[in-house]
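For reference, the chains in residue letters:
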Amino acid sequence: MLTVDQTGMVWLIEVKFNFSLESGAQVWHGQLARYRKALRTMSWQEIVRYTHRFLTGFEQTKPQLSLRRDAVSLDECVVEWLAAVEANAVPGVSIVSEMAERLRSGNFGVMLVSDYFNASDLAGAQSFADSVHAGPVAYAVVNPDSTGFHWRVKYFRPGADQSLVEGAYVTSDFVPEKMPLVTPTRLRSLVSPACRNLLDTLVYPRLYALGWNERHVAKRSAFDAIIPAGGSSLPLLVIGTSELDAKALQRHTKIDGGQTLKINPRFKTVLNQTGNLAFVNTYMKRFYELGWRGRRRENKHLRWGVNRYLSRGD
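This section reports on the structure supplied with the text. (Residues numbered from 1 in each chain as written. Predicted model: local features only at pLDDT ≥ 70, side-chain atom pairs only at ≥ 80, totals over all residues. Heavy atoms only, no water.)

Before going further, it helps to examine the nonpolar core. In terms of nonpolar packing, the biggest core is built from 32 residues, with Trp28, Leu74, Val137 and Tyr139 touching the most fellow members. Every element with two or more residues in this core is listed here: helix H1 (25-41), helix H2 (44-55), helix H3 (74-84), helix H4 (92-105), strand E3 (109-114), helix H5 (119-131) and strand E4 (137-145). At five residues, H1 tops the list of elements feeding residues into this core. (Core = buried A, V, L, I, M, F, W, Y, C linked by side-chain atoms within 4.5 Å. Buried < 20%, exposed > 50% of the residue type's maximum accessible area, 1.4 Å probe, protein only. Helix = DSSP H or I, 4+ residues; strand = E, 2+ residues; numbered from the N terminus.)

The following block contains the structure:
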């Protein structure tokens, strides 16, 4: 994400939510270093032109704040933005000039924002500031709740523009958190109301009818449902939320309370238990007829719950 504050300070931001598997050097010296390099290879004029097109709705991804499509320059967009947020700041033209200067000189900020603290991310920020980026660097942890967003921010090179950033402060008050795993009960709070209704009226009742007693193995984004079959108890279904990085999912379907639902049969478990490939193929065909689509290599988003029923809230 590329953003700017009321002073014209440009920030290149990577966001990691819900205990991403990527952290530390992988994020700072991998992703953010690549993004920074890409930004430095573009002229500031190109970035300004692209930003103008994005803000006026000409790109596939749309901004949250609706601006006039007939705004002929980024200056006009910024003036509208300042008015919309009722910001006391320098005029829009001055902000655009500050943006251009920062992009031209490389004195823009680089920030990682997460909803949990990871010590390797803090160490990565320090290393990035020491060896890669000469502009401001920041690591931020934000905890949202019903009262708002609670920030903990660590700036590196704190003399650089820190006093101009409102509503944030330097602190070492970071609290490590454990990754909450998905259980049958917790899954209800993660998915959208339509998917929650599907769990309550169809999925869980049908599992109970199969003899499921809520035995499960909790995992990061799903749980394995342990179902009695043939004198054994087997993890026959994976039930959880669709992958956060799936391109076919819109942003709002990745937020807790609005996520989509995935249900995947474990065909390999059935094959290992029965040794009967013909039976497994028949089993797969039946699931396919019900709407399930198996994971294809390089196409994680092609699965039941993304491109058919659950994405429409049926």
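This is not the end of the story, as more comes after the structure.
What follows covers a nonpolar patch on the surface. Together, Met1, Val15 and Phe17 give the surface a local cluster of nonpolar side chains, amounting to about 290 Å² of exposed area. For Phe17, the position within the fold is in the loop between strand E2 (10-16) and H1. Taking relative accessible area as the criterion, Phe17 reaches 40% and is therefore assigned partly exposed. (Patch = residues over 30% accessible without salt bridge, like charges linked within 9 Å, V, L, I, M, F, W, Y side chains within 5 Å. Areas by Shrake-Rupley, 256 points an atom, 1.4 Å probe, with all protein chains shown as cover. Salt bridge = Lys/Arg side-chain N within 4 Å of Asp/Glu carboxyl O.)

The strand order E6-E7-E8-E9 describes an open sheet built from four strands, whose pairing is antiparallel. Single-partner strands in this sheet number two, and they are strand E6 (216-218) and strand E9 (261-265). Within the sheet, the average angular offset between the axes of one strand and its neighbour, ignoring direction, is 25°. Pairing of strand E7 (residues 222-229) with strand E8 (residues 232-241), which is carried by eight bridges, proceeds in the antiparallel orientation. Residue pairing across strands places Ala222 opposite Gly240, the latter belonging to E8. Strands E8 and E9 of the sheet are contacted by helix H8 (residues 267-274), whose axis makes an angle of about 170° with E8. (Pairing = 2+ DSSP bridges. Axes fitted to C-alpha atoms, helices over the stretch in contact; angles between N-to-C directions. Contact = heavy atoms within 4.5 Å.)

With that settled, the discussion passes to the side chain of Gln259. Relative to the helices and strands, Gln259 is located in the loop between E8 and E9. When its relative accessible area of 4% is taken as the criterion, Gln259 is described as buried. A polar atom in the side chain of Gln259 sits 3.4 Å from the side chain of Thr241. (Polar contact = N/O pair within 3.5 Å; in protein donor to acceptor, adjacent residues only side chain to side chain.)

Counting buried residues in E8 gives seven out of ten residues, a clear majority hidden from the surface. Counted along the chain from E7 to the antiparallel partner E8, the turn is two residues long, and its residue Gly230 has a positive phi close to 55°. In this sheet, E9 lies alongside E8 in antiparallel orientation, the contact comprising five bridges. Among the inter-strand pairings, Ile239 is bridged to a residue of E9, identified as Ile263.

What follows covers the environment of Phe128. By secondary structure assignment, the location of Phe128 is in helix H5. According to the relative accessible area criterion, Phe128 is buried, its value standing at 0%. As for Phe128 and Leu32, which are separated by 96 residues in sequence, their C-alpha atoms are 9.2 Å apart. Once residues within four sequence positions are removed from consideration, Phe128 is found in contact with Trp28, His29, Leu32, Ala33, Arg36, Val110, His133 and Val137.

Backbone geometry follows two general trends: most residues other than glycine have a negative phi, and most peptide bonds adopt the trans configuration. Phi at Glu214 is positive, roughly 70°, even though this residue is not glycine. Within the fold, Glu214 resides in the loop between helix H7 (193-209) and E6.

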